[in-house]
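# Notes for the structure review
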Amino acid sequence: MQRIVVLTGAGISQESGLQTFRGPDGLWNNEHIEDICTPEGFRRDPLRVDRFYNNLRAGLTAVQPNAAHLALAGLEQAARDGRWQGHLTIITQNIDDLHERAGSHDVIHMHGELLRLRCTGCGATPAWHGDCFPDTPCPACHGPTLRPDIVWFGEMPYHMDTITQRLAACDLFVAIGTSGVVYPAAGFVDSVADHADTMLFNLEARSGPSPFDQTILGPATHTVPAWTQALLAQ
(Lines give C-alpha, C1' and ligand atoms only; values in the text may rest on other atoms or scores of the structure.)
Protein backbone atom coordinates (compact mmCIF):
# COMPACT_ATOMS: atom_id res chain seq x y z
CA MET A 1 0.00 0.00 0.00
CA GLN A 2 1.31 3.41 -0.98
CA ARG A 3 1.18 5.97 1.81
CA ILE A 4 1.12 9.56 0.58
CA VAL A 5 1.28 12.69 2.71
CA VAL A 6 0.31 15.89 0.93
CA LEU A 7 1.15 19.30 2.39
CA THR A 8 -0.94 22.12 0.96
CA GLY A 9 -0.24 25.83 1.26
CA ALA A 10 -1.83 29.10 0.25
CA GLY A 11 -1.15 28.55 -3.46
CA ILE A 12 -3.81 25.87 -3.81
CA SER A 13 -6.50 28.09 -2.28
CA GLN A 14 -5.36 31.14 -4.22
CA GLU A 15 -6.49 29.38 -7.38
CA SER A 16 -10.01 29.38 -5.92
CA GLY A 17 -9.80 33.15 -5.49
CA LEU A 18 -8.76 33.36 -1.85
CA GLN A 19 -6.25 36.10 -1.10
CA THR A 20 -2.99 34.84 0.40
CA PHE A 21 -1.39 36.31 3.51
CA ARG A 22 2.01 36.68 1.89
CA GLY A 23 2.84 37.95 -1.58
CA PRO A 24 2.53 41.22 -3.49
CA ASP A 25 -1.23 41.57 -2.83
CA GLY A 26 -1.29 39.62 0.42
CA LEU A 27 -3.52 40.35 3.37
CA TRP A 28 -0.53 41.24 5.50
CA ASN A 29 0.23 44.19 3.24
CA ASN A 30 -2.85 45.91 4.67
CA GLU A 31 -2.37 44.91 8.30
CA HIS A 32 0.52 44.68 10.71
CA ILE A 33 1.20 41.03 11.51
CA GLU A 34 1.74 41.83 15.18
CA ASP A 35 -1.73 43.39 15.39
CA ILE A 36 -3.82 40.56 13.95
CA CYS A 37 -1.71 37.40 14.06
CA THR A 38 -0.29 37.32 17.58
CA PRO A 39 -1.76 36.65 21.03
CA GLU A 40 -0.42 40.05 22.11
CA GLY A 41 -2.32 41.80 19.32
CA PHE A 42 -5.52 40.06 20.36
CA ARG A 43 -5.06 41.16 23.97
CA ARG A 44 -4.44 44.76 22.87
CA ASP A 45 -7.40 45.04 20.51
CA PRO A 46 -9.65 41.97 20.34
CA LEU A 47 -12.30 43.83 18.34
CA ARG A 48 -9.83 44.60 15.54
CA VAL A 49 -8.75 40.96 15.39
CA ASP A 50 -12.33 39.68 15.48
CA ARG A 51 -13.35 42.00 12.65
CA PHE A 52 -10.41 40.84 10.52
CA TYR A 53 -11.34 37.17 10.90
CA ASN A 54 -15.05 37.90 10.56
CA ASN A 55 -14.29 39.36 7.12
CA LEU A 56 -12.23 36.32 6.15
CA ARG A 57 -14.97 33.99 7.35
CA ALA A 58 -17.61 35.83 5.35
CA GLY A 59 -15.40 35.70 2.27
CA LEU A 60 -15.31 31.90 2.28
CA THR A 61 -18.87 31.78 0.99
CA ALA A 62 -17.77 33.41 -2.27
CA VAL A 63 -15.23 30.73 -3.23
CA GLN A 64 -15.45 27.07 -4.16
CA PRO A 65 -13.00 24.13 -4.18
CA ASN A 66 -11.00 24.02 -7.38
CA ALA A 67 -9.81 21.15 -9.55
CA ALA A 68 -6.78 20.50 -7.34
CA HIS A 69 -8.91 20.15 -4.20
CA LEU A 70 -11.30 17.88 -6.08
CA ALA A 71 -8.49 15.72 -7.46
CA LEU A 72 -7.10 15.07 -3.98
CA ALA A 73 -10.58 14.24 -2.69
CA GLY A 74 -11.06 11.91 -5.65
CA LEU A 75 -7.85 10.05 -4.82
CA GLU A 76 -9.01 9.54 -1.24
CA GLN A 77 -12.39 8.31 -2.49
CA ALA A 78 -10.62 5.88 -4.84
CA ALA A 79 -8.83 4.39 -1.83
CA ARG A 80 -12.13 3.93 -0.01
CA ASP A 81 -13.69 2.32 -3.10
CA GLY A 82 -10.75 -0.01 -3.60
CA ARG A 83 -9.80 1.54 -6.95
CA TRP A 84 -6.45 2.71 -5.56
CA GLN A 85 -4.33 0.70 -3.14
CA GLY A 86 -3.06 3.55 -1.04
CA HIS A 87 -3.71 5.99 1.78
CA LEU A 88 -3.73 9.77 1.51
CA THR A 89 -3.26 12.23 4.34
CA ILE A 90 -3.62 15.95 3.72
CA ILE A 91 -1.76 18.29 6.03
CA THR A 92 -2.81 21.84 5.28
CA GLN A 93 -1.36 25.15 6.33
CA ASN A 94 -4.58 26.77 5.15
CA ILE A 95 -7.36 27.79 7.50
CA ASP A 96 -10.16 27.52 4.92
CA ASP A 97 -12.52 24.56 4.48
CA LEU A 98 -12.00 23.97 0.76
CA HIS A 99 -10.50 20.50 1.20
CA GLU A 100 -13.48 19.38 3.24
CA ARG A 101 -15.97 20.91 0.83
CA ALA A 102 -14.23 19.08 -2.00
CA GLY A 103 -14.89 15.80 -0.18
CA SER A 104 -11.62 15.08 1.64
CA HIS A 105 -11.92 13.52 5.11
CA ASP A 106 -8.38 12.89 6.33
CA VAL A 107 -7.38 16.56 6.63
CA ILE A 108 -5.09 17.87 9.36
CA HIS A 109 -5.28 21.63 9.90
CA MET A 110 -1.94 22.45 11.47
CA HIS A 111 -2.68 26.19 11.65
CA GLY A 112 -6.27 25.95 12.84
CA GLU A 113 -9.60 26.51 11.13
CA LEU A 114 -11.34 29.74 10.21
CA LEU A 115 -14.76 28.16 10.75
CA ARG A 116 -14.00 27.26 14.33
CA LEU A 117 -13.51 29.31 17.51
CA ARG A 118 -11.61 28.44 20.67
CA CYS A 119 -12.68 29.37 24.18
CA THR A 120 -9.76 30.51 26.29
CA GLY A 121 -11.86 29.78 29.36
CA CYS A 122 -13.12 26.21 28.98
CA GLY A 123 -11.17 25.06 25.92
CA ALA A 124 -14.23 24.37 23.74
CA THR A 125 -13.73 24.64 19.97
CA PRO A 126 -17.20 25.21 18.51
CA ALA A 127 -17.83 25.31 14.78
CA TRP A 128 -18.62 28.89 13.78
CA HIS A 129 -19.88 30.39 10.53
CA GLY A 130 -21.01 33.87 11.58
CA ASP A 131 -19.41 36.86 13.23
CA CYS A 132 -17.72 36.82 16.62
CA PHE A 133 -17.05 39.83 18.84
CA PRO A 134 -15.34 40.30 22.21
CA ASP A 135 -18.65 40.00 24.07
CA THR A 136 -19.90 36.94 22.15
CA PRO A 137 -20.58 34.20 24.74
CA CYS A 138 -19.03 30.77 24.48
CA PRO A 139 -21.75 28.18 23.69
CA ALA A 140 -20.25 25.82 26.29
CA CYS A 141 -19.37 27.98 29.32
CA HIS A 142 -21.13 31.24 28.32
CA GLY A 143 -18.06 33.34 29.08
CA PRO A 144 -16.88 36.17 26.77
CA THR A 145 -13.65 34.25 26.17
CA LEU A 146 -13.80 33.27 22.49
CA ARG A 147 -10.97 33.80 20.00
CA PRO A 148 -10.33 32.57 16.46
CA ASP A 149 -9.09 28.98 16.50
CA ILE A 150 -6.05 30.03 14.50
CA VAL A 151 -2.40 29.33 15.29
CA TRP A 152 -0.76 32.75 15.60
CA PHE A 153 2.90 33.66 15.58
CA GLY A 154 4.53 32.42 18.75
CA GLU A 155 2.05 29.54 19.16
CA MET A 156 2.62 25.84 18.56
CA PRO A 157 1.00 24.36 15.43
CA TYR A 158 -1.73 21.82 16.07
CA HIS A 159 -1.53 18.02 15.78
CA MET A 160 2.26 17.83 15.55
CA ASP A 161 2.41 14.35 17.11
CA THR A 162 0.01 12.99 14.48
CA ILE A 163 1.82 14.84 11.70
CA THR A 164 5.17 13.41 12.81
CA GLN A 165 3.71 9.89 12.78
CA ARG A 166 2.20 10.27 9.30
CA LEU A 167 5.45 11.69 7.90
CA ALA A 168 7.47 8.85 9.43
CA ALA A 169 5.19 6.27 7.81
CA CYS A 170 4.86 7.77 4.33
CA ASP A 171 6.68 6.66 1.20
CA LEU A 172 5.77 9.75 -0.84
CA PHE A 173 5.66 13.34 0.40
CA VAL A 174 4.04 15.94 -1.84
CA ALA A 175 3.97 19.71 -1.28
CA ILE A 176 1.46 21.81 -3.22
CA GLY A 177 1.39 25.60 -3.40
CA THR A 178 3.55 26.34 -0.38
CA SER A 179 6.25 28.96 -0.01
CA GLY A 180 8.55 26.64 1.91
CA VAL A 181 9.58 29.35 4.38
CA VAL A 182 7.23 28.76 7.32
CA TYR A 183 8.46 26.28 9.91
CA PRO A 184 7.86 23.61 11.00
CA ALA A 185 6.15 22.79 7.68
CA ALA A 186 9.18 23.93 5.69
CA GLY A 187 11.19 21.17 7.38
CA PHE A 188 8.84 18.31 6.51
CA VAL A 189 10.64 17.49 3.25
CA ASP A 190 13.96 17.08 5.07
CA SER A 191 12.36 14.90 7.74
CA VAL A 192 11.29 12.28 5.18
CA ALA A 193 14.44 12.34 3.02
CA ASP A 194 15.70 8.97 4.29
CA HIS A 195 12.54 6.96 3.55
CA ALA A 196 10.23 8.74 1.08
CA ASP A 197 10.23 10.17 -2.42
CA THR A 198 9.36 13.86 -2.58
CA MET A 199 7.50 16.03 -5.08
CA LEU A 200 6.79 19.76 -5.25
CA PHE A 201 3.91 21.25 -7.23
CA ASN A 202 4.32 25.00 -7.51
CA LEU A 203 3.86 27.89 -9.89
CA GLU A 204 7.54 28.82 -9.75
CA ALA A 205 10.75 26.97 -8.98
CA ARG A 206 12.32 27.62 -5.60
CA SER A 207 15.53 29.61 -5.64
CA GLY A 208 18.71 27.62 -5.02
CA PRO A 209 19.03 23.85 -4.72
CA SER A 210 15.72 22.09 -4.15
CA PRO A 211 15.29 19.49 -1.40
CA PHE A 212 12.61 17.80 -3.52
CA ASP A 213 13.33 14.88 -5.83
CA GLN A 214 10.92 16.21 -8.45
CA THR A 215 9.41 19.65 -9.11
CA ILE A 216 6.36 20.09 -11.33
CA LEU A 217 5.66 23.68 -12.35
CA GLY A 218 2.31 25.13 -13.30
CA PRO A 219 -1.12 25.87 -11.82
CA ALA A 220 -2.18 23.25 -9.31
CA THR A 221 -5.57 23.10 -11.01
CA HIS A 222 -3.78 21.58 -14.02
CA THR A 223 -0.86 19.67 -12.55
CA VAL A 224 -2.48 17.99 -9.54
CA PRO A 225 -5.40 16.39 -11.47
CA ALA A 226 -2.92 15.07 -14.05
CA TRP A 227 -0.82 13.53 -11.27
CA THR A 228 -3.74 11.86 -9.48
CA GLN A 229 -5.10 10.51 -12.77
CA ALA A 230 -1.70 8.99 -13.48
CA LEU A 231 -1.68 7.34 -10.05
CA LEU A 232 -5.11 5.84 -10.63
CA ALA A 233 -4.07 4.54 -14.05
CA GLN A 234 -1.15 2.53 -12.65
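This one's a predicted model, so the numbers in the text were calculated from it and none came from an experiment.

## Topic: helix H9 (residues 220-233)
A rise of 1.5 Å per residue sets the reference length of H9, with its 14 residues, at 20 Å; its end C-alpha atoms lie 19 Å apart and thus fit the reference within 8%. Looking only at H9, the buried set comprises Ala220, Thr223, Val224, Pro225, Trp227, Thr228 and Leu231. Taken together, the buried residues of H9 touch strand E1 (2-8), helix H5 (67-81), strand E6 (172-176), strand E7 (197-202) and strand E8 (214-217).

## What about the pairing of strand E2 (residues 86-92)?
Within E2, six of the seven residues are buried, leaving the element largely enclosed by the surrounding structure. Here seven bridges tie E1 to E2, and the two strands are oriented parallel to one another. Within the sheet, the bridge partner assigned to Thr8 lies in E2 and is Thr92. One ladder, built from three bridges, connects E2 with strand E3 (residues 107-109); its direction is parallel.

## So, the environment of Asp161
By secondary structure assignment, the location of Asp161 is in helix H7 (residues 160-169). Considering only alpha carbons, one finds Asp161 and Leu7, 154 residues apart in sequence, at a separation of 16 Å.

## Things to note about the UniProt feature "binding site: NAD(+)" (unreviewed entry) in the chain
UniProt records the feature "binding site: NAD(+)" (unreviewed entry) for Gln93, Asn94, Ile95, Asp96, Gly177, Thr178, Ser179, Asn202, Leu203, Glu204 and Ala220 in the present numbering. The largest pairwise C-alpha distance within this set of annotated residues, which runs over 128 residues, is 23.0 Å, so the set is dispersed in three dimensions. Relative to the helices and strands, Asp96 resides in the loop between E2 and helix H6 (98-102). If sequence neighbours within four positions are ignored, Asp96 has contacts with Ser13, Leu18, Leu60 and His109. Among the polar contacts listed, one links the side chain of Asp96 to the side chain of Ser13, at a separation of 2.6 Å.

## Focus on the side chain of Thr92
Along the polypeptide, Thr92 turns up in strand E2. Side chain to side chain, Thr92 and Thr8 meet in a polar contact 2.8 Å long. From its side chain, Thr92 meets the backbone nitrogen of Asn94 in a polar contact 3.0 Å long. Beyond its immediate stretch of four places on either side in the chain, Thr92 contacts Thr8, His99, Val107, Ile108, His109, Met110 and His111.

## Section: the sheet that holds E7
Where strands meet in a sheet, backbone hydrogen bonds hold them as pairs that are either parallel or antiparallel. Here six strands make up an open sheet; going across it, the order is E3-E2-E1-E6-E7-E8 and the pairing parallel. This sheet does not close on itself; its edge strands, each paired only once, are E3 and E8. Between one strand and the next, the sheet's axes are offset by a mean angle of 20 degrees, whatever the strand orientation. Where E1 and E6 come together, five bridges link them in parallel fashion. Following the sheet pairing, Thr8 is matched in E6 by Ile176. Seen against the sheet, H5 touches E1, E2 and E6 and runs at an angle of roughly 145 degrees to E2.

## Some points on the nonpolar core
Ile4, Leu72, Val174, Ile176, Val224 and Trp227 are the most contacted members of the largest nonpolar core, which totals 21 residues. Of all the elements, H5 adds the most residues to this core, at five residues. Beyond its immediate chain neighbours, meaning those up to four positions away, Trp227 contacts Ile4, Val6, Leu72, Leu172, Val174, Met199 and Phe201. Within the second largest apolar cluster, 17 residues are counted, among which are Leu167, Ala185, Val189 and Ala196.

Quick notes on the rules
Residues numbered from 1 in each chain as written. Predicted model: local features only at pLDDT ≥ 70, side-chain atom pairs only at ≥ 80, totals over all residues. Heavy atoms only, no water. Helix = DSSP H or I, 4+ residues; strand = E, 2+ residues; numbered from the N terminus. Expected span 1.5 Å × (residues − 1). Buried < 20%, exposed > 50% of the residue type's maximum accessible area, 1.4 Å probe, protein only. Contact = heavy atoms within 4.5 Å. Pairing = 2+ DSSP bridges. UniProt positions renumbered as here; feature names shortened; annotations may be inferred. Polar contact = N/O pair within 3.5 Å; in protein donor to acceptor, adjacent residues only side chain to side chain. Axes fitted to C-alpha atoms, helices over the stretch in contact; angles between N-to-C directions. Core = buried A, V, L, I, M, F, W, Y, C linked by side-chain atoms within 4.5 Å.

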